[in-house]
Each structure stands twice: as C-alpha cells, then as structure tokens.
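Listed here are the chains, written in short residue letters.
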Amino acid sequence: MISNQILQNTIDGLKGITRTDLCVIDTEGKVLASTFSDGEKYTDSALLFVESPADSQVMQGCQFFKVFDEHQLEYVLLADGESDDVYMIGKIASFQIQNLLIAYKERFDKDNFIKNLLLDNLLLVDIYNRAKKLHIEADVRRAVYIIETNREKDGNELERVRSLFGGKSKDFVTAVDEKNIIVVKELAENEGYEELDKTAEVIHGLFASDPLSQEHIAYGTIVNEIKEVSRSYKEARMALDVGKIFFEEKDIIAYSQLGIGRLIYQLPIPLCKMFIKEIFDGKSPDEFDEETLTTINKFFENSLNVSETSRQLYIHRNTLVYRLDKLQKSTGLDLRVFEDAITFKIALMVVKYMKYMETLDY
C-alpha cells in the first residue's frame, strides 16, 4: 500500500538522524527499500524470520523486526547492529512504518469512499455509515471540481493538485479515470461561488507555466449534504462537455454559467435535425459566407444594436441593414426582431452541438 519511494524516503531520513543503516523487506523476501548496499544478502534470514514466532530477533549482525498491519505481517525491518541502541532505533523505525501503514490505509479507504460516492455506487444508508466510520462530516457545504488534462500517462498532475490541497484534510483529491482529476472542496458558511472561482484560478495557475499543458476546469453547484456530492460531480461533468461546445475560449467553466447550452446539450440528435430542417428548410445556418457570419455574431454580441454593430464592423448603418434584409430573405428570420433573433441564435448553437457530437462518433 505504501510506495517503495515513501519507504525509501522514510528510512533515509531515519538514517540521517540515527546514522544506522536500515532495510525493509516484504514477506516474500523482496527488498523494498534499503540504506545498505547489499540488502539482498539478508533475504534468506528475513524469510526464516517471517516463519518465526518472534517479533524481533538478531541474525547476521542485524536486529530484525516485524511490522504488522492490523495483525497481518506486512514487512520485515532490519537495523544494522546488535547493540541496545540499535534495538531502540529499530523499534522506533518499525513503529514509524506501522503508523505510515495506518495513515495510508485511511487515505485509501477515504479515496475509495469518495470515488464510489461520486459514481453513485453506494446506498444512502451506506453513505452515512461509512462517512461516520471514516470521520467525514456529512452535513457540510461542498462543491466538486473536474480538472481535465491532456496527459493520460504522466501522473504528475494528480500530485500537483494534491499538493495544493494537501494541508486541508477536509478536501479530497482523487481520480476516476486517467484523464480527469476530481476535487471535492469543502466550503465555509461564508464562502460561495466567488471563492469557488478563485480556487479554480489557483488550480489553473498550477499548469499555466507548462506550454504543453491543455487543461480544462469545470465545477458544479454547492451542495449541503454528502449524499448530494454526486449531483455536483455530474453537474461538473456536464459543464466540462458543454464548455467545450459553446465556450471554447474559456479554460474555467461553472455549471451555473451554462445557460441555454445546458438545455441544448440534453436534446437528442434526431430532434435537433428536425428543428434545423423546420426552421431553415434543410439548410444549415452555419453555411453562410464569412462576412454574413461575422455580421450575425457581432450583432448578437451587441444585443441587436444596429448602430453599435455597424460602428464595430466599420461599415455604414445602411450596409448593415442591407445585410440583415438579405439574411431575412434567405431564412425568413429578421434578426432585428427579438423572437427571430432567439430562434437564429438557438439554431446556431444546435448546429454547433451536432457537429461536436459527430466528432465524438469518430
């Protein structure tokens, strides 16, 4: 459960303090970590010690100790020397490793619980029972972030995010697949969406210095009970997908910012095709030339204001009116009329959504 690197760092640190060489061997005789240059020569003795009823023993000039995880023998620890001082150092070292086992097991159990909670794999009664057992508060405000990275095999991203929240044991950082990092953030009573956005900016800053990194961050709404955490997670997942379709320019997107894109994303593709066919008689609204599309987008950006749109496009007002009249003749929709403008805007978004779904099929 503990990585070999953690074990190595632990005994290196203990050697630096005590000046005593240490070695950790598993119950099958494999050396996991050692400050000896020739730790393998002790493996046979370690295997004999595993079968011995003693908890500590002197062999080959070393003190041997057993390290248990809830009465299950996990490691054999060697301390170089036979003196009483070396015995004490070995006992301290084995006690330290045993505490690491407990800490990592608790972390694993919590991580496993959070994953199952996010994926809706737990019954309601199990959620509260396991939360209580793991000392996780049930009735606190939380929100879920998803950080999607472009490096499936790296693994450093997860540790970088964990380092950001490492000192806050009430926040959970995990992963349910190779690409997405999940943060379940606990919020104080006075914290809201402004604080969530600031935290998202800080997370984004972790990757900003890496030119190869292309991450997207999304987060769900604030929930008040642990049973609702999965809802915030689902919202964050939707925000991640909808953000890619309708908010490509944004690296951070909140579920509460999705607007009508959230509704369009849930429409079945056949219904979308029917809508486009009925409104435009089979012609797609994104088939217009570049000039027309630029005019349409700028007109929407300026809230259907003819004067401001013509000014920003550097064209005469009459030229803009001519373009809008021409568009009305080809589509039957007058963008100066609010209802027609809404229909056209939704149609553009529907087409964008359909094209995105087509890319997923490939």
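Just so it is clear, the structure is predicted and the values come from calculations on it, not from any experiment.

Draft legend 1. Focus on the overall build of the chain. For the chain, the helix and strand inventory stands at 13 helices and ten strands. For the chain, the C-alpha radius of gyration of 30 Å lies well beyond 21 Å, the compact-globule estimate for 362 residues. Each principal axis of the C-alpha atoms in the chain carries an extent, and together these give about 100 × 45 × 40 Å. Taken across its 362 residues, the chain has 46% of its residues classed as buried. Sequence-distant contacts, at least 24 apart, represent 58% of the contacts inside the chain between residues at least 6 apart. Carbon and sulfur atoms make up 50% of the accessible area of the chain, which totals about 20000 Å². In the chain, the 44 positive side-chain charges and the 62 negative ones have mean positions that sit 5 Å from each other.

Draft legend 2. Region of interest: the pattern of salt bridges. Counted according to the given criterion, the structure contains 18 salt bridges. A salt bridge links Lys-298 to Glu-301; its shortest N-O distance comes to 3.4 Å. Taken together, the positions of Lys-298 and Glu-301, both in helix α10 (residues 290–301) and three residues apart, correspond to about one turn of that helix. According to the relative accessible area criterion, Glu-301 is exposed, its value standing at 57%.

Draft legend 3. View of the layout of surface pockets. In this structure, the largest pocket spans a volume of roughly 500 Å³. In terms of lining residues, the largest pocket is bounded by 20 residues, among which Phe-246, Lys-345, Leu-348, Met-349 and Lys-352 are the most central. At the level of elements, α7 (229–246), α10 and α13 (338–361) are the ones that each hand at least two residues to the lining of the largest pocket. Here the lining of the largest pocket takes seven residues from α13, the largest share from any one element.

Draft legend 4. Structural view of helix α12 (residues 317–331). End to end, α12 covers 21 Å across 15 residues, agreeing with the expected 21 Å (1.5 Å per residue, within 8%). Looking at the residues trailing α12, positive phi occurs at Gly-332, about 80°.

Draft legend 5. Here's a closer look at the packing of helix α11 (residues 306–313) against α12. Relative orientation of the contacting elements α11 and α12 amounts to 105°, with a least axis distance of 9 Å. Between α11 and α12, the crossing angle belongs to the class labelled roughly perpendicular. Contacts between α11 and α12 involve Val-306, Ser-307, Thr-309, Ser-310 and Leu-313 on the former and, on the latter, Arg-317, Leu-320, Val-321 and Arg-323. The residue inventory of the contact of α11 with α12, partitioned by class, reads four nonpolar, three polar and two charged.

Draft legend 6. Inspection of the packing of aromatic side chains at higher detail. In total, this model carries five aromatic pairs according to the counting rule given. On the basis of an interplanar angle of 55° and a centroid distance of 5.4 Å, the ring pair of Tyr-145 and Tyr-219 is categorised as tilted. In this pair, Tyr-145 sits in strand β6 (residues 141–148) while Tyr-219 sits in strand β9 (residues 216–219), placing the two residues 74 residues apart along the sequence. Judged by relative accessible area, which is 0%, Tyr-145 ranks as buried. Geometrically, the ring pair formed by Tyr-265 and Tyr-353 is edge-to-face, given 6.1 Å between the ring centres and 65° between the ring planes. Taken together, the positions of Tyr-265 in helix α8 (residues 260–265) and Tyr-353 in helix α13 put the pair 88 residues apart, joining distant regions of the chain. Just above the ring of Phe-49 sits the side chain of Lys-66; from NZ or CZ to the centre is 5.1 Å.

Draft legend 7. Examining the sheet that holds strand β1 (residues 22–26) more closely. Taken in spatial order, the five strands of this open sheet run β2-β1-β5-β4-β3, and their pairing is antiparallel. The open sheet has two free edges, formed respectively by β2 (31–34) and β3 (56–59), since each of these has just one partner strand. Strand-to-strand twist of the sheet, defined as the mean angle between neighbouring strand axes without regard to direction, takes the value 25°. For β3 and strand β4 (residues 62–69), the ladder comprises four bridges, and the chain directions are antiparallel. Note that in β4 the partner of Val-58 across the bridge is Gln-63. Contacting β1, β2 and β5 (72–80), helix α1 (residues 4–18) crosses the sheet at an angle of about 30° to β2. The sheet contacts of helix α2 (residues 43–51) involve β1, β2, β3, β4 and β5, and relative to β4 the element is tilted by about 50°.

Draft legend 8. The nonpolar core, seen in detail. Phe-113, Ile-226 and Phe-344 are the most contacted members of the largest nonpolar core, which totals 58 residues. Sorting elements by how many residues they give to this core places α13 first, with ten residues. Beyond its immediate sequence surroundings of up to four residues, Ile-226 is in contact with Phe-113, Leu-117, Ile-127, Tyr-128, Ala-131, Ile-136, Glu-137, Ala-138 and Arg-142.

Draft legend 9. Geometry of the pairing of β5. Here five bridges tie β1 to β5, and the two strands are oriented antiparallel to one another. Looking at β5, one finds that Val-24 is bridged to Leu-77. Where β4 meets β5, eight bridges bridge the pair, whose relative direction is antiparallel. From the neighbouring strand, Asp-69 faces β5, where its bridge partner is Gln-72.

The rules we used
Residues numbered from 1 in each chain as written. Predicted model: local features only at pLDDT ≥ 70, side-chain atom pairs only at ≥ 80, totals over all residues. Heavy atoms only, no water. Helix = DSSP H or I, 4+ residues; strand = E, 2+ residues; numbered from the N terminus. Rg over C-alpha atoms; globule rule 2.2 N^0.38 Å. Buried < 20%, exposed > 50% of the residue type's maximum accessible area, 1.4 Å probe, protein only. Contact = heavy atoms within 4.5 Å. Areas by Shrake-Rupley, 256 points an atom, 1.4 Å probe, with all protein chains shown as cover. Lys, Arg positive; Asp, Glu negative; His and termini not counted. Charge placed at Lys NZ, Arg CZ, Asp CG, Glu CD. Salt bridge = Lys/Arg side-chain N within 4 Å of Asp/Glu carboxyl O. 1 Å grid on protein atoms, 1.4 Å probe; cavity = no way out; pocket = protein on both sides within 12 Å on 5 of 7 lines; lining within 4 Å. Points joined across faces, edges and corners; volume = space filled by probe spheres on them. Expected span 1.5 Å × (residues − 1). Axes fitted to C-alpha atoms, helices over the stretch in contact; angles between N-to-C directions. Parallel < 35°, antiparallel > 145°, perpendicular 65-115°, else oblique. Nonpolar A, V, L, I, M, F, W, Y, C, P; charged D, E, K, R; others polar. Phe/Tyr/Trp six-rings, centres within 6.5 Å; stacked < 30°, edge-to-face > 60°. Lys NZ or Arg CZ within 6 Å of the ring centre and 35° of its normal. Pairing = 2+ DSSP bridges. Core = buried A, V, L, I, M, F, W, Y, C linked by side-chain atoms within 4.5 Å.

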